[in-house]
Amino acid sequence: MATPDDDSIRSRDSVPAIVALFQAERAEVQSILGHALSLISILVAYCTVVGGVWATRPETVPHALVPMVPIPVWLVIAWHSQLNSRVYAHNQAIVVLEQKLLDHIPSITYPTRLWLGHTSGRLVNEIPIMLREKRYAIVAASIITYGGLLAIVLALTVASVLVPIFVNHDWQTLAYAMSAVYVLVFFLLAASYRSTFGI
C-alpha cells in the first residue's frame, strides 16, 4: 500500500527522471542534425565538383555515365528524409517532456510557455506560423535555403537526362529510362517528407 512518503519520493524523483529523458532526446536530435548537415555538405560538394568538371572538361565524363550522375544526390536526399523523420519523432517526445518540466514551474504561464524550448523554435521555423505572424523575411530565408538545394538537385538531374538526348545524341534510351526513375523517386521522396510532418 502506498504511503504519503512514497508519493513524496516519487514526486521528487520525477523531475530528475524527466530531465534525464529530456537531455537524452535533445542529445539524439543534435546528433541526427549533425549527420544531416554533413549530408547536405556532401551534396553541395558533389554537385559543385560534378558541375565544374562537366562545364570545363566534358570530354572526361563518359557519355554512358551522364544519365546516372544524379544517383548519389538522390541517395543523399533519401537518407536525409529518413533523418528528418527521426528528428520529428524525437521532437514529439521533447515537447511532452518540456511541458512536464514546465508543469513544475507554476510561475511560468501562457503565453510565456510558448517562448520556451522546442515550441519557441516552431514560431520562427514553420512557414505557416511565420506567415500568420507576418515574418516574411524569415520565410524568404527558409525558402531560399531549401528551395536553393532543391533547385541544384533538379538542375543537375534535368541536365543529366537532356544532355544525352539533345547534345551527345547517344545513350538516349538510358536517359529516358533514368528520367522515369528520377520522376518516380522525386514523388516518393516528396511523399516521405510530407508524411514526416504528420508524425
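Residues numbered from 1 in each chain as written. Predicted model: local features only at pLDDT ≥ 70, side-chain atom pairs only at ≥ 80, totals over all residues. Heavy atoms only, no water.

**Section: the overall build of the protein**
Stage number 1. For the protein, the helix and strand inventory stands at 6 helices and 0 strands.
Stage number 2. Starting at the N terminus and walking to the C terminus, you meet the elements of the protein as α-α-α-α-α-α.
Stage number 3. Here the protein, with 199 residues, has 28% of them falling under the buried criterion.
Stage number 4. Here the analysis covers contacts within the protein between residues at least 6 apart in sequence; of these, 71% occur between residues at least 24 apart. (Helix = DSSP H or I, 4+ residues; strand = E, 2+ residues; numbered from the N terminus. Buried < 20%, exposed > 50% of the residue type's maximum accessible area, 1.4 Å probe, protein only. Contact = heavy atoms within 4.5 Å.)

**As for the side chain of His-80**
Stage number 1. Within the secondary structure, His-80 is located in helix H2 (residues 71–102).
Stage number 2. His-80 gets classed as buried once you look at its relative accessible area, which sits at 15%.

**Concerning unusual backbone geometry**
Stage number 1. Positive phi, close to 55°, is recorded for His-169, a residue that is not glycine.
Stage number 2. Relative to the helices and strands, His-169 is located in the loop between helix H5 (136–168) and helix H6 (172–196).
Stage number 3. Not every positive phi belongs to a glycine, and Trp-171 is a case in point at roughly 50°.
Stage number 4. Tracing the backbone shows Trp-171 in the loop between H5 and H6.

**Remarks on the packing of aromatic side chains**
Stage number 1. Considering all chains together, one arrives at 2 aromatic pairs under this definition.
Stage number 2. Between Trp-74 and Phe-186 the ring centres are 6.4 Å apart and the planes differ by 90°, which places this aromatic pair in the edge-to-face class. Separated by 112 residues along the polypeptide, Trp-74 in helix H2 and Phe-186 in helix H6 bring together distant segments of the chain.
Stage number 3. With a centroid separation of 5.5 Å and 80° between ring planes, the pair formed by Phe-186 and Phe-187 is classed as edge-to-face.
Stage number 4. Residue class for Phe-186 comes out partly exposed when judged on its relative accessible area of 30%.
Stage number 5. Owing to a relative accessible area of 55%, Phe-187 belongs among the exposed residues under this scheme.
Stage number 6. One aromatic cluster in this structure is built from Trp-74, Phe-186 and Phe-187. (Phe/Tyr/Trp six-rings, centres within 6.5 Å; stacked < 30°, edge-to-face > 60°.)

**Observations concerning the nonpolar core**
Stage number 1. Counting 29 residues, the largest nonpolar core has Leu-43, Trp-54, Val-73, Trp-74, Ile-77, Val-153 and Leu-156 as its most contacted members.
Stage number 2. Mapped onto this core, the elements with two or more residues apiece are helix H1 (4–56), H2, H5 and H6.
Stage number 3. Ranked by residues supplied to this core, first place goes to H1 with 10 residues.
Stage number 4. Setting aside anything within four residues of it in sequence, one finds Leu-156 in contact with Tyr-46, Cys-47, Val-50, Trp-54, Val-69, Pro-70 and Val-73. (Core = buried A, V, L, I, M, F, W, Y, C linked by side-chain atoms within 4.5 Å.)

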